Amino acid sequence: MTLLRHASAAIVAAVIIGAASGALSPFRNFQLAEVAVYVVAIAGLTVLIGLSGQISLGHGAFMAIGAYVAALTVTHLAWPAWAVLPASAAAAAVAGAPVGVAAARLRGPYLAGATLMLAVALPSLADKYPGVLGGDQGLSVAITVPPGLGASFPLTRWQAWVCVAAALITLVALANLGRSRVGRNWRAVRDDEVAAALAGLNVGRLRVLAFVVSAACAGLAGAMLAITTTLVSPGSFTVSLSIALLTGAIIGGLGSLAGAVWGALIIVLLPTYITNLATSHGLSTALAANIPIAAYGIVLIAVMLLFPGGIQAGLRRLARPAMPLLARLRPVRLLRSLPMSSHDLRRHPPGSEHQEEGTI
Amino acid sequence: MNRRHRVRFPALIAASAALALLAAACGGGSAGGGGGGAAASAPGITAHQILIGSHQPLTGPAAPGYSEIAPASNAYFQYVNAHGGIYGRKIKYTYLDDGYDPSKTVSVVHQLVLQDNVFAIFDGLGTPTHLAVMNFLNSSKVPDVFVASGCACWNNPAQAPETFGWQIDYIREGKILGAYIKKHFAGKKIGYFYQNDEFGQDGVKGLDYEIPKSQVVSRQSYVPTNTNVGPQVAALKAAGAQVVVSFSIPAFTALFKLTSLKLGYNPTLAVSNVGSDPLTLDGLLQAFAKQAGKAVNGAALTQGIITDGYLPSLGDTGNSWIALFKKVHDTYDAKAPFDGNVLYGEAVAYTFVQAMLKAGKNPTRASLVNAINAGLPQGPSVAPYAFSATDHAGITGAYIGVIKGSAIAPKTPVYVTGTSATSPVTVYSGSQEPAPGSGMP
């Protein structure tokens, strides 16, 4: 039933976006594809952090793996998009497994440090093997519109369709996973590992699984990015990309898939919007160039001050008074019957304790 | 739980739909460009305007120095606009910040081409950044003229017919520097210090064509993201390199100089043109020393650095080109220092105006490309351009000079060469025409 509901919601969204993309300019279609890329990457990360309680500063590296797999399979094997995307996700998942095993043994800053190292080191492999991976110049990804759609079909619209479809499928899959036994077990591990272990859960395996799922999402996003920009180069997968993903997940609301959509929208659209606004008000280009960076910081601070749980939690809080009946009907969650530790309180400041569980 | 879930999941649809509507609402505004009737011969061209775009590092690691280039180009365009424009059309130059980050370059260039409908991309700055959009520009048939980078990769007319270089490519530059060092430092131990990407590797390739391999005692590279060059400088010192040839951006030329100062190492330094602008180096040296809690005389440290130049020397105030660009700078861009970056920006803008005038009264994207393929007159550069249908490299020669005061004092005549190992480095026999009195090509 859940699957059916999520799938039908995704189909409705696909129809709306598909219809809208026909009316959009090529640049807006390009942005739509970009947003879809970030939705997938942030959704994977938000599941990892919000549900399983692990952090990663290295998801840019998994995106790089997905992107290079996409470039290589398109160039050498001429695979179509429907085969390239799952293959890239699978490759990143395979790479994510050993990292996940290591990550399951690390906590807090150590885990952050280990994953950060991955983000720094991995993209420079391309410089090490310029013959296969194209070095600094990168590899181009020859994407063409399928002939069935006609010769005049804009490439950017096709790219947007592919990316939006992949993003919706990912969201449905993650929403179902979060609602499944696995998702409930992740939350149990996140909230109290000792209690979860006492309840018979295999904590280590669950943490590794979360990491693999999350890496697969990042790999898929990397392949989508390759399809959108038609070029894969190490310069696109810097540490700042990994940080941007984390920022997106936090702004949107950790653990919330709708929050991932908000985070992606802010990361992609805010800089362009602010630059346009600044230049159209007659500011010099040099000044206008610095405004998005400042605006980004201000938005981050404002969101954290106003909605500590992220945009999605904030919206939910604003909507709550309008739905008193539903609020009263809300059943008591299994996990809240578990004893709350001080650890738990630290992670969830009072007032934000509902933030993660609802959406997934 | 089910009940709550039923309420929540539609938030996803709501968000998706909101995205679609938002995008649709924003999308409406961009369609109405180019309503200039018969005069609109191509995208970005109206009866009164030519719209061109660029990606530039206005923030980030490459911004010091390089962020002056686009405003300087714009200053020259304003001068042209004030003197009749190009067949009556005024140039509008939109340059967006990419922070020297290739993924941002992709985004801003898509915006310029797909949303703003620019006629051409002009002087896009940086090798890794511009490589990220070269495919897109060529497959979209958008002229990609005078890339601000000396990578040999812009010269690929078969696969990238829309892309043209402008400044001397790093292979030619390496050869000209290498030939000078071979001649003047025979028997000395030579070390290389270079950026580990196309820029540094192309430069080293050119150097190796000229300098005997047995003379090179150490080859050290850096990546722009790691500002600790201590190990590299120590290795050069340990190898006993008496002359160090550096293919570095200004920030790393400054870091090399400061680090070698700290290690008590003082080799003769030869730096490629992109990393040797004296005023930029002076500022960087002082800023870096200040960060470390020390004060240095930046200008004094740069004196005697060997470098090459493909535009007239800023110190040559009697040169008609310098006089013209100084005049334009003082009128339209006076806030910036009149340094090598400003000279670069104005000179490349002059070349663009030359090309647009050749492209005809009703220019199209194809006519601009054809005009450059037919060759351009030399203009402000000291050596001729290589432009032809089969060669998209830019300036083919340079002179060697040393930093004296805040300018480069030429020491040799202008040399020209090709990009292959066998093409000789020869003295250029022609001479540079003076700048036109009107300041217009």
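These lines cover the structure that appears in this document, whether it is placed above or below. (Residues numbered from 1 in each chain as written. Chains lettered and ligands numbered in written order. Predicted model: local features only at pLDDT ≥ 70, side-chain atom pairs only at ≥ 80, totals over all residues. Heavy atoms only, no water.)

## Re the sheet that holds strand E3 (residues 120-122) of chain B
Counted only if it meets this: Any two strands with at least two DSSP-identified bridges between them are counted as paired. Counting from the N terminus, the helices are the DSSP runs of H or I reaching at least four residues and the strands are the DSSP runs of E reaching at least two.
Pairing within the open sheet is parallel, and its four strands lie in the order E2-E1-E3-E4 (chain B). Whereas interior strands pair on both sides, the edge strands pair on one side only; in this sheet they are strand E2 (90-97) and strand E4 (144-145) of chain B.

## Digging into the state of the cysteines
Should the sulfur atoms of two cysteines be covalently bonded, the bond is a disulfide. Our working definition: Pairs of cysteine sulfur atoms within 2.5 Å are what we label disulfides. The buried label goes to any residue with under 20% of its type's maximum accessible area, the exposed label to any with over 50%, and the partly exposed label to all in between, with areas taken from a 1.4 Å probe on protein chains only.
For the structure on display, the rule yields one disulfide over all chains. The partner cysteine of Cys151(B) in its disulfide is Cys153(B), sulfur to sulfur 1.9 Å. Residues Cys151(B) and Cys153(B) are joined through a disulfide that is right-handed, its torsion about the S-S bond being 130°. Take Cys151(B): its relative accessible area is 3%, and that puts it in the buried class. The structure places no disulfide on Cys163(A), whose sulfur is separated from the nearest cysteine sulfur, that of Cys217(A), by 14 Å. The class for Cys163(A) is buried, based on a relative accessible area of 0%.

## Structural notes on the packing of aromatic side chains
Residues and elements named next belong to chain B. Heads up, the rule is: Paired rings are identified among Phe, Tyr and Trp, the last through its six-membered ring, by centres lying within 6.5 Å, and are further divided according to the angle between planes into stacked (under 30 degrees), edge-to-face (over 60) and tilted (the rest).
Scanning all chains against the criterion turns up 25 aromatic pairs over all chains. Seen from their ring centres, Phe199 and Phe247 are 6.0 Å apart, and the 65° between their planes marks the pair as edge-to-face. Of this pair, Phe199 sits in helix H8 (residues 198-210) while Phe247 sits in strand E7 (residues 243-247); the two residues are 48 residues apart in sequence, bridging distant segments of the chain. Judged on exposure class, the residue Phe199 and its partner Phe247 are both buried.

## Comments concerning the side chain of Thr129(B)
The line we're drawing: Residues count as neighbours in contact if any of their non-hydrogen atoms are within 4.5 Å of one another.
By the secondary structure assignment, Thr129(B) is in helix H6 (residues 127-139). Beyond its immediate stretch of four places on either side in the chain, Thr129(B) contacts His55(B), Asp98(B), Tyr100(B), Asp101(B), Pro102(B) and Thr105(B).

## Focus on empty space enclosed by the protein
Residue and element names in this part refer to chain B. Going by this rule: The distinction between a cavity and a pocket rests on a 1 Å grid over the protein atoms alone: a 1.4 Å probe fits inside a cavity but cannot get out, while a pocket stays open yet meets protein on both sides within 12 Å along at least five of seven lines, and a residue with an atom within 4 Å of a point counts as lining. Grid points are joined across faces, edges and corners, and a volume is the space filled by probe spheres set on the points. Residues were grouped as follows: Ala, Val, Leu, Ile, Met, Phe, Trp, Tyr, Cys and Pro as nonpolar; Asp, Glu, Lys and Arg as charged; and all remaining residues, including Gly, as polar.
Inspection of the entire model under this criterion finds six cavities of 30 Å³ or more. Each pocket or cavity is described by its volume, and for the largest cavity that value is around 510 Å³. Looking at the largest cavity, it is lined by 37 residues, and the ones nearest its centre are Asn273, Val274, Tyr310, Asn341 and Tyr344. Within the residue set of the lining of the largest cavity, elements represented by two or more residues are helix H3 (63-66), H6, helix H11 (278-291), helix H14 (340-358) and strand E11 (407-410). Broken down by element, the residue count for the lining of the largest cavity peaks at four residues, all from H14. Of the residues assigned to the lining of the largest cavity, the class counts are 22 nonpolar, 13 polar and two charged.

Function-wise, these values are silent; they only describe arrangement.
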